[in-house]
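# Results of the structural survey
Next come the chains, spelled out residue by residue.
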Amino acid sequence: MTTSTPRETTDRIVAALERVDGLRPATLIVPEHPWVPGDWSGLAVDLDPDTVQIHLIATRLPLTPLLEAAAAEVRAVLAGTAWDTAKLRLVVTDIDGAAF
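Residues numbered from 1 in each chain as written. Predicted model: local features only at pLDDT ≥ 70, side-chain atom pairs only at ≥ 80, totals over all residues. Heavy atoms only, no water.

## Re the environment of Gly22
We apply this condition: Helix numbers and strand numbers start at the N terminus; a helix is a DSSP run of H or I with at least 4 residues, a strand a run of E with at least 2. We call two residues in contact whenever any of their non-hydrogen atoms come within 4.5 Å of each other.
Relative to the assigned elements, Gly22 resides in the loop between helix H1 (6–17) and strand E1 (23–25). Put simply, Gly22 and Leu56 are 34 residues apart on the chain and 9.9 Å apart in space, counted from C-alpha to C-alpha. In contact with Gly22, not counting residues within four places along its chain, are Ile57, Ala58, Thr59, Arg60 and Leu66.

Right under this line is the structure:
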């Protein structure tokens with residue numbers, strides 16, 4: 001088992017999700033507001049010993065292949081960590097209007 005902090009794991013999850021074209025982390029701060037300093041993407045990830053929950057916004061459809069790709073990316077990040085056996089819950093909180 002690798003030792004990584006929750007912050008390191010969260011950062012790796014966010015980076016992995018960037019490889020899935022059509023999904024982005026759902027946060028209260030949107031990337032279109034550059035006047036807000038910092039990267040807030042990690043707020044979309046909740047790490048719990050039993051469940052890893054990630055809030056997402058879909059920018060494309062259909063959802064099923066996007067969520068399958070995201071799950072594979074996240075599972076690869078979690079492999080060998082304290083969250084290796086945690087349930088993975090991907091929650092799509094919004095669908096961007098451009099997806100339609």
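## A few points about unusual backbone geometry
The step from Leu61 to Pro62 runs through a cis peptide bond, and the omega angle for that step is 0°. With respect to the helices and strands, the residue Pro62 is situated in the loop between strand E3 (51–58) and helix H2 (63–78).

## Thoughts on the pairing of E3
To keep it simple, the criterion reads: Here's how the labels work: a residue is buried when its accessible area is under 20% of the maximum for its type, exposed when over 50%, partly exposed in between, all with a 1.4 Å probe on protein chains only. Strand pairing requires that DSSP identify at least two bridges connecting the strands.
The buried fraction of E3 is high, at seven of eight residues. For strand E2 (residues 45–47) and E3, the ladder comprises three bridges, and the chain directions are antiparallel. Of the residues in E3, the one forming a bridge with Val45 is Ile54. Hairpin connection, E2 to E3: the antiparallel pair is bridged by three residues.

## Details of the nonpolar core
A general trend in soluble globular proteins is that nonpolar side chains are found buried together. Keep this limit in mind: Only buried residues count toward a nonpolar core, which is a set of Ala, Val, Leu, Ile, Met, Phe, Trp, Tyr and Cys residues joined through side-chain atoms within 4.5 Å.
The biggest cluster of nonpolar side chains holds 18 residues, and the ones touching the most others in it are Ile13, Leu17, Leu23, Val52, Ile54, Val74 and Leu78. Among the secondary structure elements, those contributing two or more residues to this core are H1, E3 and H2. In terms of residue count, H2 provides more of this core than any other element does, five residues in total. Sequence-distant contacts of Ile13, defined by excluding residues within four places in its chain, comprise Val45, Leu47, Val52, Ile54, Val74, Val77 and Leu78.

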